[in-house]
Amino acid sequence: MAFTLPEGLAPEMYPLAWLVGRWHGEGVVGYPGIEETAFTQDVVIDHDGGPYLSYASTIRLVVAPDDASALADADGTPAEGAPGADAAEPGPVWSTEQGFWRIPPERPDGLGSDLFPVELLLADPSGHVAVYVGATGNGRIDLVSDVIARTATGAEVTGGKRLWGLVQGELMWAHDLAAFGQDLQSYASARLSRVQD
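Residues numbered from 1 in each chain as written. Predicted model: local features only at pLDDT ≥ 70, side-chain atom pairs only at ≥ 80, totals over all residues. Heavy atoms only, no water.

## Looking at the overall build of the protein chain
Broken down by element type, the protein chain carries zero helices and 10 strands. Going from the N terminus to the C terminus, the protein chain shows its helices and strands as β-β-β-β-β-β-β-β-β-β. Looking at the protein chain residue by residue over its 197 residues, the buried ones come to 36%. Surface summary for the protein chain: the accessible area is close to 11,500 Å², and the carbon and sulfur share equals 53%. (Helix = DSSP H or I, 4+ residues; strand = E, 2+ residues; numbered from the N terminus. Buried < 20%, exposed > 50% of the residue type's maximum accessible area, 1.4 Å probe, protein only. Areas by Shrake-Rupley, 256 points an atom, 1.4 Å probe, with all protein chains shown as cover.)

## A few points about the sheet that holds strand S2 (residues 34–46)
Strand order in the closed barrel made by the 10 strands is S1-S2-S3-S4-S5-S6-S7-S8-S9-S10, with antiparallel pairing throughout. For this sheet the average axis-to-axis angle between neighbouring strands, irrespective of direction, equals 25°. Pairing between strand S4 (residues 93–102) and strand S5 (residues 116–124): five bridges, direction antiparallel. When the sheet's bridge partners are listed, Trp101 is paired in S5 with Leu120. (Pairing = 2+ DSSP bridges. Axes fitted to C-alpha atoms, helices over the stretch in contact; angles between N-to-C directions.)

## Considering the pattern of salt bridges
Opposite charge on two side chains makes pairing possible when the charged atoms of those side chains draw close. Counted under the stated rule, the structure contains four salt bridges. In this structure, Asp142 and Arg140 form a salt bridge, with 2.7 Å as the shortest nitrogen-oxygen distance. The class of Arg140 is partly exposed, set by a relative accessible area of 43%. Glu170 is the partner of Arg191 in a salt bridge, and the nearest nitrogen-oxygen pair spans 3.1 Å. (Salt bridge = Lys/Arg side-chain N within 4 Å of Asp/Glu carboxyl O.)

## Notes on the layout of surface pockets
What the largest pocket holds in volume is close to 590 Å³. For the lining of the largest pocket, the per-class residue count stands at 22 nonpolar, seven polar and three charged. (1 Å grid on protein atoms, 1.4 Å probe; cavity = no way out; pocket = protein on both sides within 12 Å on 5 of 7 lines; lining within 4 Å. Points joined across faces, edges and corners; volume = space filled by probe spheres on them. Nonpolar A, V, L, I, M, F, W, Y, C, P; charged D, E, K, R; others polar.)

## Quick word on the confidence of the model for the protein chain
The pLDDT averaged across the protein chain works out to 88; a share of 85% of its residues lies at or above 70. Within the model, pLDDT remains below 50 along residues 67–72, and this stretch shows nine contacts once partners closer than five positions in the same chain are excluded. (pLDDT = per-residue confidence, 0-100. Contact = heavy atoms within 4.5 Å.)

## Structural notes on the UniProt feature "short sequence motif: GXWXGXG" (unreviewed entry) in the protein chain
If you check UniProt for "short sequence motif: GXWXGXG" (unreviewed entry), the listed places come out as residues 21–27 in our numbering. For residues 21–27, the helix share is 0%, the strand share is 100%, and the end-to-end C-alpha distance is 19 Å. (UniProt positions renumbered as here; feature names shortened; annotations may be inferred.)

## Considering the environment of Gln185
Structurally, Gln185 can be placed in strand S10 (residues 185–195). Owing to a relative accessible area of 28%, Gln185 belongs among the partly exposed residues under this scheme. In this structure the C-alpha to C-alpha distance between Gln185 and His175, which are 10 residues apart in sequence, comes to 8.5 Å. At a separation of 3.2 Å, a polar atom in the side chain of Gln185 contacts the main-chain carbonyl oxygen of Asp183. (Polar contact = N/O pair within 3.5 Å; in protein donor to acceptor, adjacent residues only side chain to side chain.)

## A short note on the side chain of Thr136
Locating Thr136 in the fold gives a position in strand S6 (residues 128–137). When its relative accessible area of 1% is taken as the criterion, Thr136 is described as buried. Side-chain polar atoms of Thr136 contact the backbone oxygen of Arg140, separated by 3.0 Å. Beyond its immediate stretch of four places on either side in the chain, Thr136 contacts Pro15, Leu16, Trp18, Ile103, Asp114, Leu115, Phe116, Val118 and Ile141.

## Focus on the side chain of Glu97
Checked against the element boundaries, Glu97 lands in strand S4. Since its relative accessible area comes to 15%, Glu97 is described here as buried. A distance of 3.4 Å separates a polar atom in the side chain of Glu97 from a polar atom in the side chain of Tyr55. Of note is the side chain of Glu97, whose polar atom sits 2.7 Å from the side chain of Arg162. If sequence neighbours within four positions are ignored, Glu97 has contacts with Tyr55, Ala56, Ser57, Leu122, Ala123, Asp124 and Arg162.

Following this line, the structure appears as structure tokens:
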């Protein structure tokens, strides 16, 4: 399927045009002190014609029904009417983020001719705001935290790296985190598919 630029997208944002849309998929979160857990994610990346993209993400944990195994048929599939027989209810929200993607006008020294500088500004309701900087090109975005600020009650997050990539039409991402006195290490990753309107 051929890619077309979203109508009305600011020319400055063409290097990130492939992000625009609604995405849904699954991933996993795990960190020292956080048991590895599957999640589902919904992401909306949109524009209003300005020199930025808006970003909203909601991650919900996947919760197995308590008694699904007791109500399974002999082959292990959920019995009709048992939890899991129909689409599962969304689990509890693990995290939400909102923010903006930007392509700054100045090119840093040493940035390859096939790359563009990129900034991601994020806020989450757990008491954090962050600015990530990096580069994008060829369907890939590499970001590292530049500034992370928190409220007095926000968790101690000191750094992060994020990788985004378009692989065979799917949006894949990984997030490394330095927090709670731990060194930078894997925190979460997911594979998302574009949701057709």
